[in-house]
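# Geometric and topological summary
Chain residues, written in single-letter form:
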Amino acid sequence: MQPANVRVNTIFTAPGLRLIGVSWSWAVALKLVRYEKFDPYDIASILRLGKHKRGVQWTQETLEGWLVGMCSAMGYERYPRTQMEVTRQKMRHAIGLALAHG
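Residues numbered from 1 in each chain as written. Predicted model: local features only at pLDDT ≥ 70, side-chain atom pairs only at ≥ 80, totals over all residues. Heavy atoms only, no water.

## As for the environment of leucine 99
Convention followed: Elements are defined by DSSP. Helices are runs of H or I of four residues or more, strands are runs of E of two residues or more, and each kind is numbered from the N terminus.
For leucine 99, the position within the fold is in helix α5 (residues 81-100). As for leucine 99 and alanine 4, which are separated by 95 residues in sequence, their C-alpha atoms are 37 Å apart.

Spelled out as structure tokens, the structure:
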């Protein structure tokens, strides 16, 4: 991270601890990579918030387009076909959770 990025996005500091916030898109992108425990539900909550605040009707295509546009550093275009399909399955799953609980 660039020093200016760290400075702007730091939300809490204490001796030995610095919490750095990320945008909604980066939160989703990073949680899709890990996709463990509560990550699917966290993503679903973010998607519900996007629907509520901005009227987004989430599909796998809209979610993928948003992440490709906002998180180009993830390098989705370089993902092997099988890895991208696994990522798309996670997207569809999280969208399903968002629709089921929202």
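## What about the pattern of salt bridges?
For the record, the criterion: A carboxyl oxygen of Asp or Glu within 4 Å of a side-chain nitrogen of Lys or Arg is what we treat as a salt bridge. Throughout this description, buried means an accessible area under 20% of the type-specific maximum (1.4 Å probe, protein chains only), exposed means over 50%, and partly exposed covers the range between.
The full count for this structure, using the stated rule, is six salt bridges. When the shortest N-O distance is used, the salt bridge between lysine 31 and aspartate 42 registers 2.7 Å. With lysine 31 in helix α2 (residues 24-34) and aspartate 42 in helix α3 (residues 39-54), this pair connects stretches of sequence that are 11 residues apart. Here lysine 31 falls in the buried class, since its relative accessible area comes to 17%. We note a salt bridge from arginine 34 to aspartate 39, for which the minimum N-O separation is 2.6 Å. In this structure arginine 34 comes out as partly exposed when scored by relative accessible area, which is 49%. The buried category is assigned to aspartate 39, whose relative accessible area is 3%. The structure contains a network of salt bridges with shared partners spanning Lys31, Arg34, Asp39 and Asp42.

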